[in-house]
Amino acid sequence: MNTANYKEIIEEIKPYGAHLVAVSKTKPAQDIVALYNEGQRIFGENKVQELVGKAAELPKDIHWHLIGHLQTNKVKQVAPFISMIHSVDSLKLLTEINKQAQLNNRNINCLLQVFIADEETKFGLNKAELLELLSSSAFAELQNVHICGLMGMATNTTDEQKIAAEFQGLQNLFLELKHTHFSDKPYFKELSMGMSSDYRIALKFGATLIRIGSMLFGER
Ligand SMILES: *Cc1c(COP(=O)(O)O)cnc(C)c1O
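Calculation criteria
Residues numbered from 1 in each chain as written. Predicted model: local features only at pLDDT ≥ 70, side-chain atom pairs only at ≥ 80, totals over all residues. Heavy atoms only, no water. Disulfide = S-S within 2.5 Å. Buried < 20%, exposed > 50% of the residue type's maximum accessible area, 1.4 Å probe, protein only. Helix = DSSP H or I, 4+ residues; strand = E, 2+ residues; numbered from the N terminus. Polar contact = N/O pair within 3.5 Å; in protein donor to acceptor, adjacent residues only side chain to side chain. Contact = heavy atoms within 4.5 Å. Arc of directions from axis to C-beta. Pairing = 2+ DSSP bridges. Axes fitted to C-alpha atoms, helices over the stretch in contact; angles between N-to-C directions. Parallel < 35°, antiparallel > 145°, perpendicular 65-115°, else oblique. Left-handed = near helix turned anticlockwise from the far one by under 90°. Nonpolar A, V, L, I, M, F, W, Y, C, P; charged D, E, K, R; others polar. Near = heavy atom within 4 Å. Areas by Shrake-Rupley, 256 points an atom, 1.4 Å probe, with all protein chains shown as cover. Salt bridge = Lys/Arg side-chain N within 4 Å of Asp/Glu carboxyl O.

Caption draft 1: Layout of the state of the cysteines. This model, assessed by the stated rule, comprises zero disulfides. Cysteine Cys-110 remains unbridged, with the sulfur of Cys-148 as its closest cysteine sulfur at 7.4 Å. On the basis of relative accessibility, which here comes to 0%, the residue Cys-110 falls in the buried class.

Below, the structure written as structure tokens:
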């Protein structure tokens, strides 16, 4: 675990009021404990099985965020304890999250994942799909999910202008939706974007949650 990088990131994000999601995927529990002992409480994982195992053995005041693609049949396993799901990319998935939240007598915080990169492999909704989801009558009926904002991943490139344009596009969409669909929902306030390679750009475009793995825990 790189304590110097951790402290530097915490100082860097302070003026922006953003929060750090420490992405601990593939790393052992002891690495998480080391960062926990520095004061970090939000950790991100991308696989349900790994997340559930770590959550069971680690301190209960950790806020676990799921950042990876989630299959409908696995929602049940995380529903009792998950703090936020960043990777909601369909009404079907959101409906299942709502159902499992209800069974656990709770609300589950969700972000809608938006496709902003020009790569085939990244998950997420495009703007038209997002608007369709938000306008559907089925969405209006969901009582146990809080849509807290949007999440996106920029193209994996060294072209900083391209990354900036993608983050700016996501910020614009976020601000638009806040006005058109969530003006009565104060919890719609999160913009999850930026990883080790591009978080400084993301902060300039209003990121409130940055998801950082390798800079903290080393290469995977
Ligand atoms: C792995 C991962 C990260 C962290 O990436 P690093 O480059 O290691 O900082 C962020 N977001 C998502 C969705 C990831 O899967």
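Don't stop here, the text continues.
Caption draft 2: Just the side chain of Gln-113, in detail. With respect to the helices and strands, the residue Gln-113 is situated in strand S5 (residues 108–115). Residue classification places Gln-113 among the buried residues on the basis of a relative accessible area of 5%. Within the structure, the side chain of Gln-113 is placed 3.2 Å from the backbone oxygen of Phe-123, a separation counted as a polar contact. Non-local contacts of Gln-113, meaning those with residues more than four positions away in its chain, are made with His-86, Ser-87, Val-88, Phe-123, Gly-124, Leu-125, Met-151 and Met-153.

Caption draft 3: Local environment of helix H3 (residues 48–57). Inspection of H3 places Val-48, Leu-51, Lys-54 and Ala-55 among the buried residues, and these make up the whole buried set. For H3, the arc enclosing every buried residue in end-on projection is 135°, short of the 170-degree limit, so these residues lie on one face. Along H3, exposed side chains directed more than 90 degrees from the buried face belong to Gln-49, Ala-56 and Glu-57. Residues of H3 that are buried sit in contact with helix H2 (29–36), strand S2 (42–45), strand S3 (63–66) and helix H4 (75–78).

Caption draft 4: Representation of unusual backbone geometry within the structure. Non-glycine residue Thr-26 carries a positive phi angle of around 70°. Residue placement: Thr-26 occurs in the loop between strand S1 (19–23) and H2. The residue Asn-105 is not glycine, and still its phi comes out positive at about 55°. Of note, Asn-105 is situated in the loop between helix H5 (91–103) and S5. A relative accessible area of 73% means that Asn-105 is categorised as exposed.

Caption draft 5: Representation of the pairing of strand S8 (residues 209–212) in the model. Alternating positions in S8 separate into two faces, Leu-209 and Arg-211 on one and Ile-210 and Ile-212 on the other, with burial throughout. In the sheet, S1 pairs with S8 via four bridges, with the strands oriented parallel. Considered in S8, the bridge of His-19 is made with Leu-209.

Caption draft 6: View of the packing of helix H6 (residues 127–135) against helix H8 (residues 160–180). At a minimum axis distance of 13 Å, the contact between H6 and H8 shows a crossing angle of 20°. Judged by the inter-axis angle, H6 sits roughly parallel to H8. Between H6 and H8 the crossing geometry is right-handed. Between H6, through Lys-127, Leu-130, Leu-131 and Leu-134, and H8, the contact on the second element is made entirely by Leu-173, Glu-176 and Leu-177. When grouped by side-chain class, the residues that make up the contact of H6 with H8 number five nonpolar, no polar and two charged.

Caption draft 7: Local environment of the site of the ligand. The environment of the ligand is formed by Val-23, Lys-25, Ile-67, Met-153, Met-195, Ser-196, Arg-211, Ile-212, Gly-213, Ser-214 and Arg-220. Against a free-state accessible area of 390 Å², the protein chains account for coverage of 91% of the ligand. Of the residues belonging to the shell around the ligand, the class tally is five nonpolar, three polar and three charged.

Caption draft 8: View of the pattern of salt bridges. Overall, the coordinates contain 12 salt bridges when judged by the stated rule. Note that Lys-14 is salt-bridged to Glu-11, the shortest N-O span being 2.9 Å. Residue Lys-14 is classed as exposed on the basis of its relative accessible area of 54%. For Glu-11, a relative accessible area of 48% gives the class partly exposed. With its nearest N and O atoms 2.8 Å apart, the salt bridge here joins Lys-54 to Glu-45. In this structure, a network of salt bridges that share partners links the residues Glu-8, Glu-12 and Arg-200.

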